[in-house]
Amino acid sequence: MTLRIVFCARETTAQVWAEALRVALVREGVDADVWPRDAGQAAVDAHAPQADVAVVWRPPAVLFEEQRHLQAVFNLGAGVDALLALPGLPAKASVFRLEDAGMARALSEYVLAAVLRVYRRFDRYAVSQSQQRWQPESLPARERYGVGVLGLGVLGATIAMTLSGHGFAVRGHARTRREIAGVDCRAGDAEFASFLDGLDVLVSVLPATPATRGILDHRALARLAAGAHVVNVGRGAALVEADLLVLLDAGHLGGATLDVFAIEPLPADHPYWARRDIVITPHVAAETELEPAIEQVAGKLARWSRGDPVSGAVDRERGY
Ligand code: GLV
């Protein structure tokens, strides 16, 4: 039986990606009919052909009015918050997300660059330079420089290992206990405070779920070391933006590097824009790369179509 697949993804050239998926499915031995649907088209097409499966990235809500027979939805990203928020997402369809597909390396690179910029005092040298001051800064010992990674899935674990490989004192935190060589792993609510205590850099890789919303509030951030830096590459909803600003203004926190925000694009009047102690990047820390993403989705689709177990299945209650 031919599997019918609709491809609907913003920020992609749909024709190119759909063709790449078609080719990858042939390689996987899956007989499939793949067609692109314009993600920018907000009106329902009452005559749209019906698919068994949708491959999506931030699709318009009308996709699920149009497609009434979907059995599975494959998300072309790690975060499924935007997808799960769509009211029409069929309750009976299985949802799968990307697990690494090149993102772990990209995120590790971004976080390492941010940590090294802070650790090697580039921010302070920029200030000195603006004042024409020749001012050497002392470096803390890296084995006592505490960097914490919040969220230890495939992405967080790779980031933690990368930082550990650079000799930093790396702590990690997840809901359940993880074992990662060279990383001091804490687990659950009971160990959240001790995870945060005295960290020089906190890196959040948390997805947006009911349990993570606002978890990085004044109380949590106040536990970090004086002058600490916050890096957010997960989702903006985890961080209470007003609390971050209060602690920066109070001088308790030294700065932040933020790739994700409560509202994206970051609104023009947002107070972050004007700050010298916040580095803003427009949700680019790990973009989905065509080849590894399509290869992974094709592999998952092949297993799903044979009825085999598929990793990256989303628990809708948990939200990731
Ligand atoms: C990017 O933010 C993703 O969720 O893949």
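First, a word on what this report is: a plain description of the structure on this page. (Residues numbered from 1 in each chain as written. Predicted model: local features only at pLDDT ≥ 70, side-chain atom pairs only at ≥ 80, totals over all residues. Heavy atoms only, no water.)

1. Structural notes on the site of the ligand
Now for step 1: Neighbouring the ligand are the residues W57, G77, A78, G79, M103, R235 and H283.
Now for step 2: Contact between the ligand and R235: an oxygen atom at 2.7 Å from a side-chain N or O atom of the residue.
Now for step 3: Among the residues forming the shell around the ligand, the class breakdown is three nonpolar, three polar and one charged. (Near = heavy atom within 4 Å. Polar contact = N/O pair within 3.5 Å; in protein donor to acceptor, adjacent residues only side chain to side chain. Nonpolar A, V, L, I, M, F, W, Y, C, P; charged D, E, K, R; others polar.)

2. Here's the deal with unusual backbone geometry
Peptide bonds are trans in most cases, and residues, glycine excluded, mostly fall at negative phi.
Now for step 1: Looking along the chain, the bond that leaves E264 and enters P265 is cis, with omega of -5°.
Now for step 2: Mapped onto the fold, P265 is located in the loop between β11 (253-258) and β12 (278-280).
Now for step 3: Located in the positive-phi region is A101, a residue other than glycine, with phi close to 50°.
Now for step 4: Positionally, A101 belongs in the loop between β5 (94-96) and α4 (103-119).
Now for step 5: The buried category is assigned to A101, whose relative accessible area is 7%.
Now for step 6: Notably, R121 is not glycine yet its phi reads approximately 65°, a positive angle.
Now for step 7: Inspection of the secondary structure puts R121 in the loop between α4 and α5 (122-130).
Now for step 8: Since its relative accessible area comes to 13%, R121 is described here as buried. (Helix = DSSP H or I, 4+ residues; strand = E, 2+ residues; numbered from the N terminus. Buried < 20%, exposed > 50% of the residue type's maximum accessible area, 1.4 Å probe, protein only.)

3. Considerations on the nonpolar core
Now for step 1: Judged by nonpolar contacts, the single largest core of 63 residues is most densely connected at F7, L21, V55, L163, V233 and L301.
Now for step 2: Setting aside chain neighbours within four positions, we find F7 in contact with T12, A14, W17, A18, L21, V34, W35, P36, R37, V55, L76 and I294.
Now for step 3: The next biggest cluster of nonpolar side chains, apart from the first, holds 26 residues, and it includes L202, A220, L221 and Y272. (Core = buried A, V, L, I, M, F, W, Y, C linked by side-chain atoms within 4.5 Å. Contact = heavy atoms within 4.5 Å.)

4. Remarks on the side chain of N232
Now for step 1: Within the secondary structure layout, N232 lies in strand β10 (residues 228-232).
Now for step 2: Note on N232: relative accessible area 1%, which makes it buried.
Now for step 3: Polar side-chain contacts of N232 include one of 3.2 Å to the backbone oxygen of R235.

5. Here's the deal with the pairing of strand β2 (residues 32-36)
For a regular strand, the rule is simple: side chains alternate between the two faces of the sheet.
Now for step 1: Taken together, the five bridges between strand β1 (residues 3-9) and β2 define a ladder with parallel strand orientation. If you follow V6 over to β2, its bridge partner there is W35. (Pairing = 2+ DSSP bridges.)

6. Focus on α4
Now for step 1: A rise of 1.5 Å per residue sets the reference length of α4, with its 17 residues, at 24 Å; its end C-alpha atoms lie 24 Å apart and thus fit the reference within 8%.
Now for step 2: By the criterion of burial, α4 is predominantly enclosed, with 13 of the 17 residues buried.
Now for step 3: Just past α4, the residue R121 takes up positive phi, approximately 65°. (Expected span 1.5 Å × (residues − 1).)

7. A short note on the packing of helix α1 (residues 14-27) against helix α10 (residues 290-306)
Now for step 1: For the pair α1 and α10, the least separation of the axes is 9 Å and the interaxial angle reads 50°. With respect to α10, the element α1 is oriented oblique. Judged by the twist between their axes, the crossing of α1 over α10 is right-handed. Residue-level contacts link V16, W17, A20, L21, A24 and L25 of α1 to L290, A293, I294, V297, A298 and L301 of α10.
Now for step 2: Its residues assigned to classes, the contact of α1 with α10 comprises twelve nonpolar, no polar and no charged. (Axes fitted to C-alpha atoms, helices over the stretch in contact; angles between N-to-C directions. Parallel < 35°, antiparallel > 145°, perpendicular 65-115°, else oblique. Left-handed = near helix turned anticlockwise from the far one by under 90°.)

8. A look at the pattern of salt bridges
Pairing is possible between side chains of opposite charge, provided their charged atoms come close.
Now for step 1: Counted according to the given criterion, the structure contains 13 salt bridges.
Now for step 2: Linking E137 and R124 is a salt bridge whose minimum nitrogen-to-oxygen distance equals 3.2 Å. Here R124 lies in helix α5 and E137 lies in the loop between α5 and β6 (146-150), a separation of 13 residues in the sequence.
Now for step 3: The exposure class assigned to E137 is partly exposed, which follows from its relative accessible area of 23%.
Now for step 4: The exposure class of R124 is partly exposed, given its relative accessible area of 43%.
Now for step 5: A salt bridge links D184 to R186, with the nearest nitrogen and oxygen atoms 2.6 Å apart.
Now for step 6: What makes D184 partly exposed here is its relative accessible area of 35%. (Salt bridge = Lys/Arg side-chain N within 4 Å of Asp/Glu carboxyl O.)

9. A few points about the packing of aromatic side chains
Now for step 1: Evaluated as defined, the whole model comprises seven aromatic pairs.
Now for step 2: Both rings, one in F7 and one in W17, keep their centres 6.4 Å apart while their planes meet at 35°; by these two values the pair is tilted. Note that F7 is positioned in strand β1 and W17 in helix α1, a separation of ten residues in sequence. A single burial state applies to F7 and to W17, both of which are buried.
Now for step 3: When the ring of Y119 is compared with that of F168, the centres are 5.1 Å apart and the planes differ by 80°; the resulting orientation is edge-to-face. Of the two residues, Y119 sits in helix α4 while F168 sits in the loop between α6 (154-165) and β7 (169-174), which places them 49 residues apart along the sequence. Per residue, the accessibility class of Y119 equals that of F168, and both read buried. (Phe/Tyr/Trp six-rings, centres within 6.5 Å; stacked < 30°, edge-to-face > 60°.)

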